[in-house]
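Here is how the chains run, residue by residue.
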Amino acid sequence: MALAIFDLDETLIHGDCATLWSEQMGRLGWVDSESFMRRNHELMDAYSHGKLAMEEFMDFSLEPMTGRTPEEVAHLVEPWVEEVIEPIIFSDACKAIAAHRQAGDRILVISASGTHLVKPIAARLGIDEVLGIELEVQHGAYSGRTVGTLTYREGKITRLLEWLDAEEENLEGATFYSDSRNDLPLLLRVDHPQVVNPDPVLREHAEKAGWRIHHWK
């Protein structure tokens, strides 16, 4: 049984779930939408150019959830996934997941977004196993801080290797799908790198390396 690993944002879905959740927090009245989204877009632009300090983005994006319980947030995330995320899931992604499932592969989503978003989105795709940025809970509520290594760039490799060790798995025959230059470190570690709707830097690398490039819709 080989691993089939999927990035989430702009790979399985046509959008960035953290940004879409930021918009939702504005609709909920947790933030001033105009100023919050202005800063969100500045940070995400840095991400798209491979220049983001993920710690900075997480400090920013988690602040509105500080003091709220995981149960309160989950109660609001569930309908948001149905209303906002489900319509932007790539149908080609669903086909790829189904093909790996039929082949008997073990399917894992690894994302640089928080697990409060990644887990319910993956669940909607029928995927139970997830690695994402873990949120700290203190006294039953989110503290606004993260826990452990962030699943971003080389951090994805660190967390994946820890998971492989705990699960007594390995990367032999593994496939990884991603759209982003930020995932080049992990793409270079797997036997079957798969590039999905890539950014310009990743596209150039994939073309030179002879990697398969998918145009998912």
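Structure shown above.
Throughout what follows, the structure given in this document is the object of discussion. All figures in this text were calculated on a predicted structure; none of them were measured in a lab.

Even without a glycine there, the phi angle at glutamate 10 is positive, about 65°. You can see glutamate 10 is positioned in the loop between strand 1 (3-6) and helix 1 (17-27). With a relative accessible area of 29%, glutamate 10 lands in the partly exposed category. One non-glycine residue, arginine 153, lies in the positive phi region at around 50°. Counting through the fold element by element, arginine 153 comes out in the loop between strand 4 (141-147) and helix 7 (154-167).

Inspection of every chain in the model, using the stated rule, returns 6 aromatic pairs. When the centroid spacing of 6.1 Å and the interplanar angle of 85° are considered together, the rings of tryptophan 21 and tryptophan 30 count as edge-to-face. For the pair formed by tryptophan 21 and tryptophan 30, the shared burial category is buried. When the centroid spacing of 6.2 Å and the interplanar angle of 50° are considered together, the rings of phenylalanine 57 and phenylalanine 60 count as tilted. With phenylalanine 57 and phenylalanine 60 both in helix 3 (residues 54-62) and 3 residues apart, this pair spans about one turn of that helix. We note that phenylalanine 57, like phenylalanine 60, is buried. Each residue in the set Phe6, Tyr177 and Trp216 is aromatic and connected to the rest through ring pairs, giving one cluster. Over the ring of tryptophan 30 we find arginine 68, and its NZ or CZ is 3.8 Å from the ring centre.

Definitions and limits used
Residues numbered from 1 in each chain as written. Predicted model: local features only at pLDDT ≥ 70, side-chain atom pairs only at ≥ 80, totals over all residues. Heavy atoms only, no water. Helix = DSSP H or I, 4+ residues; strand = E, 2+ residues; numbered from the N terminus. Buried < 20%, exposed > 50% of the residue type's maximum accessible area, 1.4 Å probe, protein only. Phe/Tyr/Trp six-rings, centres within 6.5 Å; stacked < 30°, edge-to-face > 60°. Lys NZ or Arg CZ within 6 Å of the ring centre and 35° of its normal.

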